[in-house]
Amino acid sequence: MLKFAASIALSTTILLSSAPAFAGGRVIPNDMRQCQSGKGPAVKVEIEGLKEATGKVRVQSYRGTKDEWLKSGAWLSRIEVPVSAKNMTFCLPFSQTGEYAIAVRHDLNGNGKTDLSSDGGGMSNNPSINIFNLGKPSYKKTKFALGNEVKSIRITMKYM
């Protein structure tokens, strides 16, 4: 249990870091119309298991590369909204096909700070997180290929 708690804490720290080393991508609205049939490339992200319907949730896209996955400021697009339910759906449009990865953060109390004992996180492909990978799964475990379609993925949130 201690290893699991430590791994969640480390993972959440990575997801919550906000000081960019270089300029990030663009903040976009959650426009579900962008995930209608024939609108791709886009990713429909279904988030399951938000601990409570409070605070804010942030969904960020990254290129699925070693050099950019979870690197500070390397995100491509971000949606950040108040949490309205324990399960929420988001649409992330992309300008081109390629390999991408998604990271989700739940700032439970909405204070904009890292609260390791309460905030949660999740990633595309729902990789296991442990003390040995310091809470940052390899980009190989989180990346997915995106063609011209609207791809649906599910991310299950993890908390301490």
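Read on for a plain summary of the structure. As the structure is a computational prediction, the values presented were derived from the model and not from experiment.

1. Comments concerning the state of the cysteines
Across all of its chains, the model carries 1 disulfide by this definition. Here Cys-35 connects covalently by a disulfide to Cys-91, the sulfurs 2.1 Å from one another. Its S-S torsion of about 95 degrees marks the bond between Cys-35 and Cys-91 as right-handed, since a negative value means left-handed. Of the two residues, Cys-35 is situated in the loop between β1 (26–27) and β2 (42–48) and Cys-91 in strand β5 (residues 88–93); the sequence distance between them amounts to 56 residues. One exposure class covers both Cys-35 and Cys-91, and it is buried.

2. Considering the pairing of strand β3 (residues 56–63)
For β3, the buried fraction is high: 6 of the 8 residues fall into the buried class. The sheet contact formed by β3 and strand β4 (residues 77–82) spans 6 bridges and is antiparallel. Bridged to Arg-58 within β4 is Glu-80. Relative to strand β6 (residues 98–107), β3 runs antiparallel, the two sharing 8 bridges. Across the sheet, the residue bridging to Tyr-62 is Ala-101, located in β6.

3. Let's talk about the sheet that holds strand β9 (residues 150–156)
In spatial order, the strands read β5-β2-β9; together these 3 strands make up an open sheet with mixed pairing. With one partner strand each, in any of the chains shown, β5 and β9 form the two edges of the open sheet. The average undirected angle you get between the axes of adjacent strands in this sheet is 20 degrees. Judged from the 7 bridges that link them, β2 and β9 form a sheet pairing that is parallel. Bridge pairing in β9 links Ile-47 to Ile-155.

Conventions adopted
- Residues numbered from 1 in each chain as written.
- Predicted model: local features only at pLDDT ≥ 70, side-chain atom pairs only at ≥ 80, totals over all residues.
- Heavy atoms only, no water.
- Disulfide = S-S within 2.5 Å.
- Helix = DSSP H or I, 4+ residues; strand = E, 2+ residues; numbered from the N terminus.
- Buried < 20%, exposed > 50% of the residue type's maximum accessible area, 1.4 Å probe, protein only.
- Pairing = 2+ DSSP bridges.
- Axes fitted to C-alpha atoms, helices over the stretch in contact; angles between N-to-C directions.

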